[in-house]
Amino acid sequence: MHGPRTTFIHAARAGRPARNCARTAHEIELEAEDLRKLLCEAEIIPMVFNSDGQVIDAGRSQRLFPRTIKRAARAQDGGCVVPGCTMDPALLDYRHIRSWKHGGKTSLSDCCPLCPAHHVAVHLGYLKIVSIAGLPHVILPEHLDTDRRPRHKQRTTRQALCHDG
């Protein structure tokens, strides 16, 4: 039995004239009706790329975050998302906010950079991570925050300058 095959289909972009709706990686042009039929019959794995061609959403095609999503999460969150944590960004783990086994996606909006200690604390239920407006927020244990309000780590200019590469 063979594994899944990858076929890239480039949809027509706004502002660009296109005779057909899409073109495959083999330069076969498809009409909208043909594309819809193929999509219905296939197991579709969407991948979203940024303007530089880097993957920012791999859907559920892979569990582990690719380097491009890790870089984007590190730039977005400035390191471990737990407020006050100063762990070196090179040592971070990357966790799905919504667990992979419960339908989490390998996307920037579901990626949470954590230092190893805070990653373990999440697995043990000591910390909880939630997504608000596509950003990871931490809910601290009740003895540290009686209101249990979600907190988002605020980046500093130094973090933005030193760790975005």
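Before reading on, note that the structure itself is shown above.
It should be emphasised that the depicted structure is a prediction, and the values quoted were computed from it without experimental measurement.

(A) Structural detail: the pattern of salt bridges. All chains considered together, the criterion is met by one salt bridge. The salt bridge partner of Arg-151 is Asp-145, with a shortest N-O separation of 3.3 Å.

(B) Structural detail: a nonpolar patch on the surface. A cluster of nonpolar residues, Val-120, Leu-124, Tyr-126 and Leu-144, forms a patch on the protein surface that exposes about 430 Å² of accessible area. Considering the arrangement of structural elements, one finds Leu-124 in the loop between helix H3 (116-123) and strand E8 (128-132).

(C) Structural view of the environment of Val-82. As for its placement among the helices and strands, Val-82 is situated in the loop between helix H2 (67-77) and strand E6 (93-96). Val-82 gets classed as buried once you look at its relative accessible area, which sits at 5%. Taking the C-alpha atoms as reference points, Val-82 and Leu-114, separated by 32 residues in sequence, lie 7.3 Å from one another. Each residue touching Val-82, except ones within four places of it in the same chain, is listed here: Leu-114, His-118, Leu-127, Val-138 and Lys-153.

(D) Unusual backbone geometry, seen in detail. One non-glycine residue with positive phi stands out, namely Ala-133, at about 55 degrees. Position of Ala-133 relative to the elements: it lies in the loop between E8 and strand E9 (135-139). We note that Arg-148 has phi near 50 degrees; this positive angle belongs to a residue other than glycine. Mapped onto the elements of the fold, Arg-148 is located in the loop between E9 and helix H4 (157-162). Here Arg-148 falls in the partly exposed class, since its relative accessible area comes to 34%.

(E) Geometry of the nonpolar core. Membership of the largest hydrophobic core comes to 21 residues, with the highest contact counts inside it found for Cys-80, Val-82, Leu-114, Leu-127, Ile-129 and Val-138. At the level of elements, H2, strand E7 (111-114) and H3 are the ones that each hand at least two residues to this core. If one sorts the elements of this core by residue count, E7 sits on top with three residues. The contact partners of Leu-127, leaving out residues within four places of it in the chain, are Val-82, His-118, Ala-121, Val-122, Val-138, Ile-139, Leu-140 and Pro-141.

(F) Highlighting the pairing of E9. Taking burial as the measure, the five residues of E9 include four buried ones, the bulk of the element. As judged from the five bridges shared by E8 and E9, these two strands associate in the antiparallel manner. Each bridged residue has a counterpart across the sheet, and for Lys-128 the counterpart in E9 is Ile-139. Count of turn residues in the E8/E9 antiparallel hairpin: two residues, of which Ala-133 carries a positive phi of about 55 degrees.

(G) Structural detail: H3. If you check which residues of H3 are buried, you get His-119, Ala-121 and Val-122. The buried residues of H3 occupy an angular sector of 160 degrees when projected down its axis, which confines them to one face. More than 90 degrees from the buried face of H3, the exposed residues found are Ala-117 and His-123. Downstream of H3 by one or two residues, Gly-125 has phi in the positive range, about 85 degrees.

Calculation criteria
Residues numbered from 1 in each chain as written. Predicted model: local features only at pLDDT ≥ 70, side-chain atom pairs only at ≥ 80, totals over all residues. Heavy atoms only, no water. Salt bridge = Lys/Arg side-chain N within 4 Å of Asp/Glu carboxyl O. Patch = residues over 30% accessible without salt bridge, like charges linked within 9 Å, V, L, I, M, F, W, Y side chains within 5 Å. Areas by Shrake-Rupley, 256 points an atom, 1.4 Å probe, with all protein chains shown as cover. Helix = DSSP H or I, 4+ residues; strand = E, 2+ residues; numbered from the N terminus. Buried < 20%, exposed > 50% of the residue type's maximum accessible area, 1.4 Å probe, protein only. Contact = heavy atoms within 4.5 Å. Core = buried A, V, L, I, M, F, W, Y, C linked by side-chain atoms within 4.5 Å. Pairing = 2+ DSSP bridges. Arc of directions from axis to C-beta.

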